[in-house]
Amino acid sequence: MSADRAALQALAVRTKAPLRYFELVKFKSADHNVTCFLAVGKHALYLVRRSLGGLYPNDQSGAIFFAFIRSMDEDAEDSTQLKLLLSESGARAWMGDTLTVWSKNRHALAQQIQVAWNTDYIFRFGQVRHLHLTSPPPSETSKGFMASLVQFFQGEKDSTAQPFQGCKEVLHSAYRFFIPESYMSQDHAGHFLHQNRLLELEIAVHQPVSLADLEASHHNHIRWAGLEYKRSISLSLKDVMITKSSSYQKRLNLSKDICAWTGWEITLISEDRVMAIILLRRQFVPPLADTAQDFSIRVECQRWAVDEGKVEEQNLLEEARLIADSTMPSGPNVLQQIYPDFLQAKLDTLVLPESAWAWTEKTLKMRPSCKKQACIFVNSILKVLHEEHQLPSSELLDELVALADGEELPLVISPLEAAQQAKQLIELKEEGSVEAMNAWMARVARYFTYCLNGVFFKSFHLDHVCNAILTQKPNQVKLHEAMLFLLHARPKDLTQKWELKELKQLLLDPELFEKYEFNNHALQAFLEFGWLARQLKAPKQKEKMSLEFTQFLCALLVLPEASIDLKAAICRTITWACSGQLHMALLVPTLSSVLKQRNIFLKTCATVTLVNMTKCHEPVKDVLTRMDAQATLVEHLGIPDDDLIYYTLMLTTSLSRTTAQRLALKKCGAVEELVHLLQMTYSESKDHLLAELASSVGQLCNEEDIRCSMAEAKVFRRLLSLYTDYPCSSRLRAKLMFAIRQFCIAGSSTSESLRDDVAPILPQVIEELSELVQSSQSFDTLDDDQTDWLVSSVLLLYTLAIDRTLLEEMRDPELQFKETLLKLRFSPLKELDVTRERIIEL
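Residue positions are counted from 1 within each chain, in the order its sequence is given. Given that the model is predicted, a residue must reach a pLDDT of at least 70 before its local features are reported, and side-chain atom pairs must reach 80 or more before they are shown or counted; all residues, however, enter totals for whole chains, interfaces and linings. The side-chain values count all of the structure's non-hydrogen atoms but skip hydrogen atoms and water molecules.

### So, the overall build of the chain
A run of DSSP states H or I qualifies as a helix once it reaches four residues; a run of E qualifies as a strand once it reaches two. Both are numbered from the N-terminal end. If you tally the helices and strands in the chain, you get 39 helices and 21 strands. Seen through its C-alpha atoms, the chain measures out along the principal axes to roughly 110 × 80 × 50 Å. Throughout this description, buried means an accessible area under 20% of the type-specific maximum (1.4 Å probe, protein chains only), exposed means over 50%, and partly exposed covers the range between. When each of the 842 residues of the chain is scored for burial, the buried share is 54%. Note on areas: these come from Shrake-Rupley sampling with a 1.4 Å probe, and a residue is covered only by the protein chains present in the view. Carbon and sulfur atoms provide 51% of the accessible area of the chain, an area that totals close to 38,400 Å². Neither His nor the chain ends contribute to the count of charged residues, in which Lys and Arg are positive and Asp and Glu negative. Positions of charges follow a simple convention, taking NZ of Lys, CZ of Arg, CG of Asp or CD of Glu. Of note, the chain has its 91 positive side-chain charges centred 4 Å away from the centre of its 107 negative side-chain charges.

### A closer look at helix 12 (residues 395–403)
What sets the pattern is the α-helix's 3.6 residues per turn: residues three or four places apart point alike. Listing the buried residues of helix 12 in full gives Leu 396, Leu 397 and Leu 400. Mapping the buried residues of helix 12 onto a view down its axis gives an arc of 105°, with all of them on the same face. For helix 12, exposure combined with an orientation more than 90 degrees from the buried face picks out Glu 395, Asp 398 and Ala 402. Among the structural elements, helix 11 (371–387) are those in contact with the buried residues of helix 12. Following helix 12 by one or two positions, Asp 405 has its phi on the positive side, about 60°. Taking the helix axis as origin, the arc is that swept by the directions to the C-beta atoms. Residue contacts follow a heavy-atom distance rule, with two residues in contact if any of their heavy atoms lie within 4.5 Å.

### Things to note about the sheet that holds strand 8 (residues 132–134)
The eight strands are arranged 4-3-2-1-7-6-5-8 in an open sheet whose pairing can be described as mixed. For this open sheet the edge positions go to strand 4 (63–65) and strand 8, each flanked by a neighbour on one side alone. Across the sheet, the axes of successive neighbouring strands diverge by a mean angle of 30°, strand direction being ignored. Any two strands with at least two DSSP-identified bridges between them are counted as paired. Summarising the sheet, strand 2 (residues 33–41) and strand 3 (residues 44–49) pair through five bridges and their orientation is antiparallel. Residue pairing in the sheet places Val 40 in a bridge with Leu 45 of strand 3. Whenever a helix is involved, its axis is fitted only over the stretch in contact; in every case the axis is a line through C-alpha atoms, and angles between N-to-C directions fall within 0 to 180 degrees.

### Structural notes on the state of the cysteines
The disulfide criterion used throughout: a pair of cysteine sulfur atoms within 2.5 Å. Here the structure, examined in full by the defined rule, presents zero disulfides. Cysteine Cys 375 shares no disulfide, and the gap to the nearest cysteine sulfur, in Cys 451, comes to 7.2 Å.

### Things to note about the packing of aromatic side chains
Centre distance within 6.5 Å is the pairing criterion for rings of Phe, Tyr and Trp, where only the six-membered ring of Trp is used; planes under 30 degrees apart are then read as stacked, over 60 as edge-to-face, and the remainder as tilted. Evaluation of the coordinates by the stated rule reveals 30 aromatic pairs. On the numbers, 5.8 Å between centres and 70° between planes, the contact of Phe 27 with Trp 94 is edge-to-face. One end of the pair, Phe 27, is in strand 1 (residues 19–28); the other, Trp 94, is in helix 2 (residues 88–94), and 67 residues separate them in sequence. Each member of the pair, Phe 27 as well as Trp 94, is classed as buried. Cluster of aromatic residues (ring-pair linked, three or more members): Phe 22, Phe 37, Tyr 339 and Phe 342.

### Quick look at the nonpolar core
Only buried Ala, Val, Leu, Ile, Met, Phe, Trp, Tyr and Cys residues count toward a nonpolar core, and they belong to the same one when joined by side-chain atoms within 4.5 Å. Counting 184 residues, the largest nonpolar core has Phe 377, Phe 485, Phe 526, Phe 552, Met 613 and Met 710 as its most contacted members. Tallying contributions element by element places helix 14 (residues 433–455) first for this core, with ten residues. Grouped together as the second largest cluster of nonpolar side chains are 32 residues, Leu 201, Ile 269, Phe 295 and Val 299 included.

### Quick notes on the packing of helix 32 (residues 715–725) against helix 33 (residues 730–744)
Two elements in contact, helix 32 and helix 33, have axes whose closest approach is 10 Å; the angle formed by their N-to-C orientations is 145°. Pair helix 32 / helix 33 crosses with left-handed handedness. Contacts from Val 715, Phe 716, Leu 719, Leu 720, Leu 722 and Tyr 723 in helix 32 reach Arg 733, Leu 736, Met 737, Ala 739, Ile 740, Phe 743 and Cys 744 in helix 33. The residue inventory of the contact of helix 32 with helix 33, partitioned by class, reads twelve nonpolar, no polar and one charged. By the definition used in this description, the sense in which the near helix is turned from the far one sets the handedness, with an anticlockwise turn below a right angle giving left-handed and a clockwise turn giving right-handed. Under the grouping applied here, Gly and all other residues not named as nonpolar or charged are polar, the nonpolar ones being Ala, Val, Leu, Ile, Met, Phe, Trp, Tyr, Cys and Pro and the charged ones Asp, Glu, Lys and Arg.

### A word on the packing of helix 30 (residues 687–700) against helix 33
At their nearest, the axes of helix 30 and helix 33 sit 8 Å apart, and the two run at 20° to each other. When the axis of helix 30 is compared with that of helix 33, the two are roughly parallel. In this structure, helix 30 crosses over helix 33, and the sense of that crossing is left-handed. On helix 33, the residues that touch Asp 687, His 688, Leu 690, Ala 691, Glu 692, Ala 694, Ser 695, Val 697, Gly 698 and Gln 699 of helix 30 are Arg 731, Leu 732, Lys 735, Leu 736, Phe 738, Ala 739, Gln 742 and Phe 743. Here the residues of the contact of helix 30 with helix 33 sort into nine nonpolar, five polar and four charged. Roughly parallel covers angles under 35 degrees, roughly antiparallel covers those over 145, roughly perpendicular covers 65 to 115, and oblique covers all other angles.

### Observations concerning empty space enclosed by the protein
In this approach a probe as big as a water molecule rolls over the atoms, and the regions it shows empty are the leftover space. Method remark: on a 1 Å grid restricted to protein atoms, a set of points is classed as a cavity if a 1.4 Å probe fits but cannot get out and as a pocket if it is open with protein on both sides within 12 Å along at least five of seven lines; lining residues have an atom within 4 Å of a point. Grid points are joined across faces, edges and corners, and a volume is the space filled by probe spheres set on the points. One pass over the full model with this rule turns up two cavities of 30 Å³ or more. By volume, the largest cavity amounts to about 50 Å³. The set of elements that each furnish at least two residues to the lining of the largest cavity consists of helix 16 (473–487) and helix 17 (503–507). Across the lining of the largest cavity, the residue classes tally to seven nonpolar, no polar and three charged.

### Re the pairing of strand 18 (residues 291–302)
Within strand 18, ten of the twelve residues are buried, which leaves the element mostly enclosed by the surrounding structure. Of the pairings in the sheet, the one linking strand 13 (residues 199–205) to strand 18 comprises seven bridges and is antiparallel in character. Residue pairing across strands places Leu 199 opposite Cys 301, the latter belonging to strand 18. Note: strand 14 (residues 209–210) against strand 18, two bridges, orientation antiparallel.

### Thoughts on the environment of Thr 327
Examined against the element boundaries, Thr 327 turns out to sit in the loop between helix 8 (313–326) and strand 19 (328–329). Residue class for Thr 327 comes out buried when judged on its relative accessible area of 1%. The spacing of Thr 327 and Val 384 is 57 residues in sequence and 51 Å in space, taken between C-alpha atoms. Leaving out residues up to four positions away in the same chain, Thr 327 has contacts with Arg 176, Phe 177, Lys 250, Trp 261, Leu 280, Phe 295 and Ile 297.

### Some remarks on the sheet that holds strand 19
An order of 9-10-19 is seen for the three strands of this open sheet, with the pairing classed as antiparallel. The strands lining the two open edges of the sheet, one partner per strand, are strand 9 (167–172) and strand 19. Pairing of strand 10 (residues 175–180) with strand 19, which is carried by two bridges, proceeds in the antiparallel orientation. Its bridge partner lying in strand 19, Arg 176 is registered against Met 328.

### Quick word on the pattern of salt bridges
Between side chains of opposite charge, pairing is possible as soon as their charged atoms come close. Salt bridges are defined by distance alone: a side-chain nitrogen of Lys or Arg within 4 Å of a carboxyl oxygen of Asp or Glu. Following the criterion strictly, the structure yields 35 salt bridges and no others. Three or more residues are tied together by salt bridges with common partners; here these are Glu 200, Glu 202, Arg 273, Arg 298 and Glu 300.

### So, the pairing of strand 6 (residues 81–86)
Inspection of the sheet shows strand 5 (residues 69–74) paired to strand 6 by five bridges, in the antiparallel sense. Across the sheet, residue Ser 71 finds its bridge partner in strand 6, namely Leu 85. Between strand 5 and strand 6, which pair antiparallel one after the other, the connecting turn spans six residues. Note that strand 6 and strand 7 (residues 98–102) share five bridges and pair antiparallel. Residue Leu 84 lies in a different strand from strand 7, and its bridge partner there is Leu 99.

### Let's talk about unusual backbone geometry
In this model, Tyr 56 is joined to Pro 57 through a cis peptide bond whose omega is 0°. For Pro 57, the position within the fold is in the loop between strand 3 and strand 4. Along the chain, Pro 286 connects to Pro 287 via a cis peptide bond; the corresponding omega equals 15°. Structurally, the position occupied by Pro 287 is in the loop between strand 17 (273–283) and strand 18. Even without glycine at this site, Asp 239 takes up a positive phi of about 55°. Examined against the element boundaries, Asp 239 turns out to sit in the loop between helix 6 (222–234) and strand 15 (241–248). Positive phi values are uncommon outside glycine, yet Lys 714 reaches one of about 65°. Inspection of the secondary structure puts Lys 714 in the loop between helix 31 (704–712) and helix 32.

Structure, rendered in structure tokens:
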């Protein structure tokens, strides 16, 4: 099953007609029985020999015109059999009124034929008519399925996996799933209801998408699909809390599937629903290994069922995992069939992405024909490094010969010459040959980068090339030219060829990124290994990034064609440079624009970078405030992603140091969003979130009106309940004490009334402080979180001591508060200005 454009063009050479779909099938008529390609055209079906040598039985009679077909019938007992019922004229042409086709993707093929037939009828008669298709009713089992496959594929034995004990098999969109027998189908479209009517199951099989389209849309990793799914499903729910969001490894391969599977699992709790979701991606799907298909398995129930103990949240996840693990194609090895001729052509032309190159070599032992040329290119680089004594091991040269199947690698003058020799590996027609050659060389640069960056050798990567110290000028030139070829900055207009240009020279063009494109993978590697920065003007004494380098990175960050991984690497580079002087006028607006991009991972990376910038450079806070970054931060607090919320809270705390900043946050609705987050129930894994949340709340409480509004929203009581009822870490306790103290600072009637509410936790605070002091043999062994806890405890007790009633409670001899204070007076806390005087006064 494929609609690959290049493959269809190749088949069209034989059919001499445009095609839209093709499939490897077994075809049978009155006097023909053959395995061939069935191609769907505009006005006919074409039988193409499997060797692509022409039509079957010959070029004159290898077409089944739609005018000959009156209806189609999908066999109920054989899920691969499709019958084409012919008209009288068709029966005379094919010596019978029925043509039989066996296809592993029967229904998809039938739909393609139906659409093409309907279009052809309108073209011939100017009227609308639909080709009748008889389909069997959907069922949860597939009787007779294996028998047809045995006939279809050379008599293989029935090795289909049987459902687990207590499970039944469900066939949905050409895939099999094992689900518990207690589920009943609701609509034969993937929706099931548990017999106790508490659990609901939804299985969705999405349409295959080409790997190239996934990469272009920045969805080439299952994680990005998981983030988007999590965000979209949360839009229809209220008070969503994500309790788990992590990668998932499919544990079973019941059908010996050769495809690569990746997964992502999500569990969430909303106001009225509890869900466990597993997303699966099946990559390198046959027959051309150039597509991927996504699945979603969702088990959910009402929130009250979990709260009342009738359903356990973990059981939902285990049930979703069971179904995900059993997911398999609806046939055995027949579904693993690869079209080797087409796939090898795709490999030889390097049109597949890097991930497909690795998979085909590992799984199918197929590789691009230009691998030897890549070995010659890498060998020329190794020779240069070997001459300069920069090669990690001389054995790499012998390993490279083994990679070239033992063939002797010819010596070339330079790596660039080896790269240019790749032009000889492709034959082109005169028409469009310039554009095709330029596109080919761009793909060659991508493949050479792939080979050099850890694929050929485990102990040798691009970082060895980027950071090699060369003393001979000729070798420096050779290696530099090789790096520029790998970077392959070339015009987007394919009529113009790639030229050897320095990066500094390219940057002189103000429309560089509008006119040029780069090899993303090489660009990311050169950035991470420091080579890219060295090609531009050196930074000044206190800088880690020069102005030219900063401008280049900022342009890449907003470039739509730049990959997510490249943009994340840029954010990490800026974070590393935060300890030096930065060009904030360029970086802050650019990072603010990244915050508004759709991808959640990029939002998180940009937020982390801004957090580090605000810690090292105070003016960044003012710039962000003037740019109204607070509105974006409040929007991020509503996105159900723990990492994004965590770093957004850190940035919110940094941007709430002054009255103007706090009022700006209030104006954008930050107070309401923080209150909402705090009122939601968090699991023990959310300690880090609660700590930052308490810190942000405490910082905003420096404003009297915000403090009063939060008190009215019962934030103070929530903080107290978290402290008393929640198994807190040292850091969370410290931040909770800070927030509680902010509510109790003297100066308002609200604070006086709130201090009375603290009385129940006062003994607990003193006892925990005493236990920590007594258990510490040496204060030098305390980590930062424990020290912060000590400081926060002292400050909270000092603030509460202004109340005479609370002070008398502190003097209770049973609490031994005085002895604890005496020990604290001789601890390192006496060296801190914030605690020294307060301990003495207490």
